[in-house]
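Okay, here's what each chain looks like letter by letter:
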Amino acid sequence: MAGVNLKIDGVEIEAPAGENLMQAAVRAGVRVPGLCQLDGLSVVGACRMCMVEIAGTPRPRPACATPVGESMDVHTDTPRLREHRRVLLEMLFAEGQHICAACVASGACELQNLAAELGVDHVNFTPPPTRLEMDLSHPRFGYDPSRCVLCTRCVRACAEVEGAFTWGVAGRGRETHLVADLGVPWGEAESCTSCGKCVSACPVGALFEKGTSVGERRVPRALVSTLTARRERESHREVLK
Amino acid sequence: MSRTLLIDPVTRIEGHAKITVRLDDAGAVQDTRFHVVEFRGFEAFCRGRSVYEMPALTARTCGICPVSHVLTGAKAGDAILGVEPPPAARQLRRMMNLGQILQSHALSFFHLSAPDLLLGFDSAPGARNVFGLIDAEPEIARRGIRMRRFGQEVIAALGGRKIHPAWAVPGGVLGNIDPEALERLRTEHETIVHDAKWAWARYGELVDAHPAEVAAFGDFPSLFLGIVSQDGNWEHHDGLLRFIDAEGNRVGEDFPAERYADVIGEVADADTYLKSPYHLGAQGGKAVGPEAPGTYRVGPLARVNLAERMGTPLADAALAEFRGEFGRVPLGSFHYHGARLIEILACVEQLGELLNDPDLGRGPLRAEAGINHLRGVGVSEAPRGTLFHDYRVDEDGRITGVRMIIATGHNNLAMNRTIGQIAEAFVTGPDVAEGVLNRIEAGIRAYDPCLSCSTHAVGQMPLVLRVEGPDGTLLHEVARG
Ligand code: SF4
Ligand code: SF4
Ligand code: FES
């Protein structure tokens, strides 16, 4: 496969064709922030946090959903992009209810890390008229819609890696939330195998292990990526035999 | 409603302390009212959340004594799980509570009250603060700072270097004491014992210097409430609750936390936003005064008055002196200061025992269980007094109801009464001198109420005092802060 030559933040690199800009950036030693992307899962380009500027293109593009192109000149950290990310982040905070000091994910939360990185520490928000309640019906796990950033990583982990297709998205606007099976409490979802892959994939504290308290998130977030990478490797071995 | 929420929010009971003094036709004080604004909407805020978050959530809601809320919330959680935390966890929780009482009392006495006591109530307001204190008597300020830091280090050694450690959880605690911090605390301990003894000795002189204030600051009979140990001694975390009357007699049976509502009623007063709890049984015969039957006090003075003994040598010696001078049950709210210093001694001594216990932190720290009860009540002695958390949950452990009684609430009727007394003694007509305002402020401060306005170490409490005529017309208003 022929390599593609491009420049990311001034660093010249060669990346395999078909790779996306987020992956390619890693070759240049650059980490592009993103929430909905998780190695091993399909790309949805939903969160818009990974927007980058490409010289000659009028509007920023999501790095996770843009394939590398020959001679591209990509900038991942411009004042405009920073501003864009900050606004996005504030919106995410404002749509939910994030009290890190009471959250299982505090200290291991991708949203919180982004906020620290981008210097967001205050959010103006109007409390929603109706609060979405926590779903604690599952014997092992809980779901808190007020902390969900709707990245759908859990939906994809469940469908693509576990093959259970338990999770879906329902509702509109502020009321958008996850549903298990056809809208039953999680604990009653027959398709759920209780494997916990969704919980491990969640970037924030929206999915968690029951009985855990502040800052106690234990599930390794790379679980899904590790599993998919391993499967890939093993299937190659099959082919070689 | 739009408000600013920090990612790390702390909501305090905000606002000015508002006091109304009503005069009669002759210009004498007829009635006084103390109004504070309480943070409301807390229950709605918690509904639907997991019981595991409650210690942390309640700590966020009251920024003044978060550690007490964490510990009490965890105890209410224990009750919902139906577990007794392992012995090591209980011991560590007790240790944190001692650290909390110590640091809070050190702040209250040395930073907030010592300027009044030492520099005098009529001294210039600009200097009557912790800086004025540093100028006038650097030693007392220095020791106060050191003692407070020691208490805070105890908390940090357990909960980590966070502002509000959500370290106690339903079933136990999240982590053990940091071994390095433990060593440091052991080394520093002796100095703190010394400071606590010194402060008690110094206090004797201060009391003698203020006879008028000692008499006027809420000197009235009332009941007292607090936790007592099994043998009736001073206690701050585990044990039954007890009421005593102004003579020191037990009122009713000792009761466990979950029975509090059988014993304590609450009147919601239309114009003081704070609910005023009172002792229910007092209505029938045990009335403590025609104006406010069932008025009781909590906090340092209540705990010290309840205790047969403090349980440690230095604190017991101080208690004997205190009682020798003021009687078995000192009633003046001025004595909160003395009680606080006796408690400082007790905390320091008990911490010494814990720090040197070879078994400290040995064994499991957490009992795991599911939701076994749909209601749980936790109680603990916060520095300012008895704190109740009463949670109701559904079968999944989601909060369906929350009720809390905080120390400042318990003391509300008594604070009102105290202000009335001070006004009667010092207000002689519509013109109110600065010194009167200072005394009213100090009268409230004796209770160390958890109003954010009461914790201004520098400068004064934001205070509005209205003097009204018999028909409610405003005669004079003084505001500051
Ligand atoms: S999900 Fe992340 S940002 Fe939200 S409350 Fe939890 S730690 Fe904070
Ligand atoms: S629950 Fe977590 S993983 Fe799922 S959509 Fe919400 S934030 Fe993403
Ligand atoms: S990470 Fe690219 S759009 Fe979310």
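As the structure is a prediction and not an experimental result, all values here were calculated from the model.

**A look at the overall build of chain B**
Counting its regular elements, chain B contains 15 helices and 15 strands. Here chain B, with 481 residues, has 63% of them falling under the buried criterion. For chain B, the exposed surface amounts to about 17300 Å²; the carbon and sulfur share of it is 51%.

**With respect to the site of ligand 1**
Residues in close proximity to ligand 1 total 13 residues, the closest being His 98, Cys 100, Cys 103, Cys 109 and Gly 205 of chain A. Grouping the constituent residues of the shell around ligand 1 by class yields eight nonpolar, four polar and one charged.

**A look at the sheet that holds strand S13 (residues 399–405) of chain B**
Residue and element names in this part refer to chain B. Read from one edge of the open sheet, three strands run S11-S12-S13, paired in antiparallel fashion. With one partner strand each, in any of the chains shown, strand S11 (375–382) and S13 form the two edges of the open sheet. Neighbouring strand axes in the sheet, compared pairwise and without regard to direction, differ in orientation by 15 degrees on average.

**Here we look at the pattern of salt bridges**
Applying the stated criterion across every chain, the model contains 37 salt bridges over all chains. For Arg 49 of chain B, the salt bridge goes to Asp 144 of chain A, with nearest N and O atoms at 2.5 Å. With Arg 49 of chain B in the loop between helix H1 (42–46) and helix H2 (54–61) and Asp 144 of chain A in the loop between strand S7 (141–143) and helix H4 (153–162), this pair bridges two chains. Here the two residues Arg 49 of chain B and Asp 144 of chain A agree in accessibility, since each one is buried. Between Glu 343 of chain B and Arg 303 of chain B there is a salt bridge whose closest N-O contact spans 2.6 Å. Taken together, the positions of Glu 343 of chain B in helix H12 (residues 336–355) and Arg 303 of chain B in helix H10 (residues 300–306) put the pair 40 residues apart, joining distant regions of the chain.

**Some points on the site of ligand 2**
Close contacts around ligand 2 come from Cys 148, Val 149, Leu 150, Cys 151, Thr 152, Cys 154, Leu 178, Cys 202, Pro 203, Val 204, Ala 206 and Leu 207 of chain A, and that covers them all. When the residues that make up the shell around ligand 2 are grouped by side-chain class, the tally is eleven nonpolar, one polar and no charged.

**A few points about the domain arrangement of chain A**
All names here are of chain A. Taken domain by domain, chain A comprises domain 1 (3–77) and domain 2 (83–230). Between the C-alpha centres of domain 1 and domain 2 the distance comes to 25 Å. The interface of domain 1 with domain 2 comprises 21 residues on the first partner and 23 residues on the second. Here domain 1 meets domain 2 over a buried area of about 1700 Å², counting both sides, of which 60% is carbon and sulfur.

**Details of the nonpolar core**
Counting 101 residues, the largest nonpolar core has Met 95, Ile 342 and Leu 465 of chain B as its most contacted members. Non-local contacts of Met 95 of chain B, meaning those with residues more than four positions away in its chain, are made with Val 154, Leu 158, Ile 177, Leu 351, Leu 354, Leu 355 and Leu 360 of chain B. Membership of the second largest hydrophobic core comes to 36 residues, among which are Cys 47, Ala 115, Val 149 and Ala 206 of chain A.

**A closer look at the pairing of strand S2 (residues 11–16) of chain A**
All names here are of chain A. As paired strands, strand S1 (residues 3–8) and S2 are joined by six bridges and run antiparallel to one another. Each residue of the ladder has a partner; that of Leu 6, found in S2, is Ile 13. Taken together, S1 and the strand that follows it, S2, pair antiparallel across an intervening segment of two residues, in which Asp 9 is found at a positive phi of about 50 degrees.

**Considering the confidence of the model for chain B**
All names here are of chain B. Overall, the prediction assigns chain B a mean pLDDT of 83, with 85% of residues at 70 or greater. The low-confidence segment residues 452–460 (pLDDT under 50) makes 32 contacts with residues lying over four places distant or belonging to another chain. Two numbers describe this predicted complex: its pTM, 0.85, and its ipTM, 0.80.

About the criteria used
- Residues numbered from 1 in each chain as written.
- Chains lettered and ligands numbered in written order.
- Predicted model: local features only at pLDDT ≥ 70, side-chain atom pairs only at ≥ 80, totals over all residues.
- Heavy atoms only, no water.
- Helix = DSSP H or I, 4+ residues; strand = E, 2+ residues; numbered from the N terminus.
- Buried < 20%, exposed > 50% of the residue type's maximum accessible area, 1.4 Å probe, protein only.
- Areas by Shrake-Rupley, 256 points an atom, 1.4 Å probe, with all protein chains shown as cover.
- Near = heavy atom within 4 Å.
- Nonpolar A, V, L, I, M, F, W, Y, C, P; charged D, E, K, R; others polar.
- Pairing = 2+ DSSP bridges.
- Axes fitted to C-alpha atoms, helices over the stretch in contact; angles between N-to-C directions.
- Salt bridge = Lys/Arg side-chain N within 4 Å of Asp/Glu carboxyl O.
- Domains from an automatic or database assignment.
- Contact = heavy atoms within 4.5 Å.
- Buried area = accessible area lost by both parts, 1.4 Å probe.
- Core = buried A, V, L, I, M, F, W, Y, C linked by side-chain atoms within 4.5 Å.
- pLDDT = per-residue confidence, 0-100.

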